[in-house]
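Structural overview
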Amino acid sequence: MSQFMVEFDLPAEMTEEFTVKIPHQRLKVNELMESGKLLTYALSLDRQKLWCVVKAQTEFEAMEIISEFPLINFMDPTITELMFNNIVSLRVPLFSLN
């Protein structure tokens, strides 16, 4: 399974049509993260760029996954296959009976 970095250019101005879809976008992102298809999701402070890492077999499959985003019609994606991606996971301390 490969990983793909997707960089999106977002619109300079957020219309009402765009803003109304943001909660639906968040729900879809959460769903894709829970399923393991989406590994990371980040938005720039100026809200002009969005990045995510998608886990897929091919670039076409990665495109199919991001096409599920409710905001996809407002975003211009660039997809790059990654050689590697180091993800820092939170480690929960093991419970000890001592």
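Just above sits the structure.
Residues numbered from 1 in each chain as written. Predicted model: local features only at pLDDT ≥ 70, side-chain atom pairs only at ≥ 80, totals over all residues. Heavy atoms only, no water.

Notes on the side chain of Ser 44
Counted only if it meets this: Each helix is a run of H or I in the DSSP string that is no shorter than four residues. Each strand is a run of E no shorter than two, and both are numbered from the N terminus. Whether a residue is buried, partly exposed or exposed follows from its accessible area with a 1.4 Å probe, protein chains only, as a fraction of its type maximum: under 20%, in between, or over 50%, in that order. Nitrogen and oxygen atoms within 3.5 Å of one another constitute a polar contact, given that in protein one can donate a hydrogen and the other can accept it, and given that sequence-neighbouring residues count only through two side-chain atoms. By the convention used here, residues are in contact when the closest approach between their heavy atoms is within 4.5 Å.
Structurally, the position occupied by Ser 44 is in the loop between β2 (38-43) and β3 (49-56). Ser 44 gets classed as buried once you look at its relative accessible area, which sits at 14%. A polar side-chain atom of Ser 44 sits 3.3 Å from the main-chain amide nitrogen of Gln 48. Ignoring sequence-local partners within four residues, the contact set of Ser 44 consists of Lys 49 and Trp 51.

With respect to helix α1 (residues 16-34)
Turn by turn, an α-helix covers 3.6 residues, leaving residues three or four places apart pointing in a common direction. Stated formally: For a helix, the expected span equals 1.5 Å multiplied by the residue count minus one. For a residue, the bend is simply the angle between two axes, fitted respectively to the seven-residue segment ending there and the seven-residue segment starting there.
Between its first and last C-alpha, α1 extends 28 Å over 19 residues, near the 27 Å set by a 1.5 Å rise per residue. Considering bend angle alone, the principal kink of α1 is centred on Ile 22 and spans about 35 degrees; proline Pro 23 follows within four residues of it. All of the buried residues along α1 are Phe 18, Gln 25, Lys 28, Val 29 and Leu 32. In this structure, the buried residues of α1 make contact with β2 and α2 (59-66). Of the residues trailing α1, Gly 36 is marked for its positive phi of about 85 degrees.

Thoughts on the pattern of salt bridges
Applicable threshold: When a carboxyl oxygen of Asp or Glu lies within 4 Å of a side-chain nitrogen of Lys or Arg, that pair is called a salt bridge.
Counted by the stated rule, this structure contains 4 salt bridges. The salt bridge involving Glu 7 is made with Lys 49; its shortest N-O contact spans 3.3 Å. One end of the pair, Glu 7, is in strand β1 (residues 2-9); the other, Lys 49, is in strand β3, with 42 residues separating them in the sequence. Looking at Glu 7, the relative accessible area reads 28%, which means it is partly exposed. Taking the shortest distance from any N to any O, the salt bridge between Glu 68 and Lys 28 comes out at 3.1 Å. Residue Glu 68 is located in the loop between α2 and β4 (76-81), and its partner Lys 28 is located in helix α1; the two are separated by 40 residues in the primary sequence.

So, the layout of surface pockets
Going by this rule: Only protein atoms enter the 1 Å grid used here. Points where a 1.4 Å probe fits but cannot escape make up a cavity, open sets with protein on both sides within 12 Å along at least five of seven lines make up a pocket, and a residue lines them when an atom lies within 4 Å of a point. Grid points are joined across faces, edges and corners, and a volume is the space filled by probe spheres set on the points. Ten residues, namely Ala, Val, Leu, Ile, Met, Phe, Trp, Tyr, Cys and Pro, are considered nonpolar, four, namely Asp, Glu, Lys and Arg, are considered charged, and the remaining ones, Gly among them, are considered polar.
Taken as a whole, the largest pocket holds about 200 Å³ of empty space. Surrounding the largest pocket, Leu 10, Met 14, Phe 18, Ile 22, Gln 25, Arg 26, Tyr 41, Leu 43, Arg 47, Leu 50, Leu 71 and Met 75 form its lining. Counting only elements with at least two residues in the lining of the largest pocket, the list comes to α1 and β2. By residue number, the principal contributor to the lining of the largest pocket is α1, which donates 4 residues. Tallied by class, the residues present in the lining of the largest pocket amount to 9 nonpolar, 1 polar and 2 charged.

Observations regarding the sheet that holds β1
Our working definition: Any two strands between which DSSP finds at least two bridges are classified as paired. Here the axes come from fitting lines to C-alpha atoms, over the contacting stretch only for helices, and the angles between their N-to-C directions go from 0 to 180 degrees.
Within the open sheet, the 4 strands sit side by side as β2-β3-β1-β4. Their pairing is antiparallel. Because the sheet does not close on itself, it has two edges, and the strands there are β2 and β4. With direction set aside, neighbouring strand axes in the sheet form an average angle of 15 degrees. Two elements, β2 and β3, share 5 bridges in a ladder whose sense is antiparallel. Bridge assignment links Leu 43 to a residue of β3, and that residue is Leu 50. The sheet strands contacting α2 are β1, β3 and β4, and the helix crosses β3 at an angle near 125 degrees.

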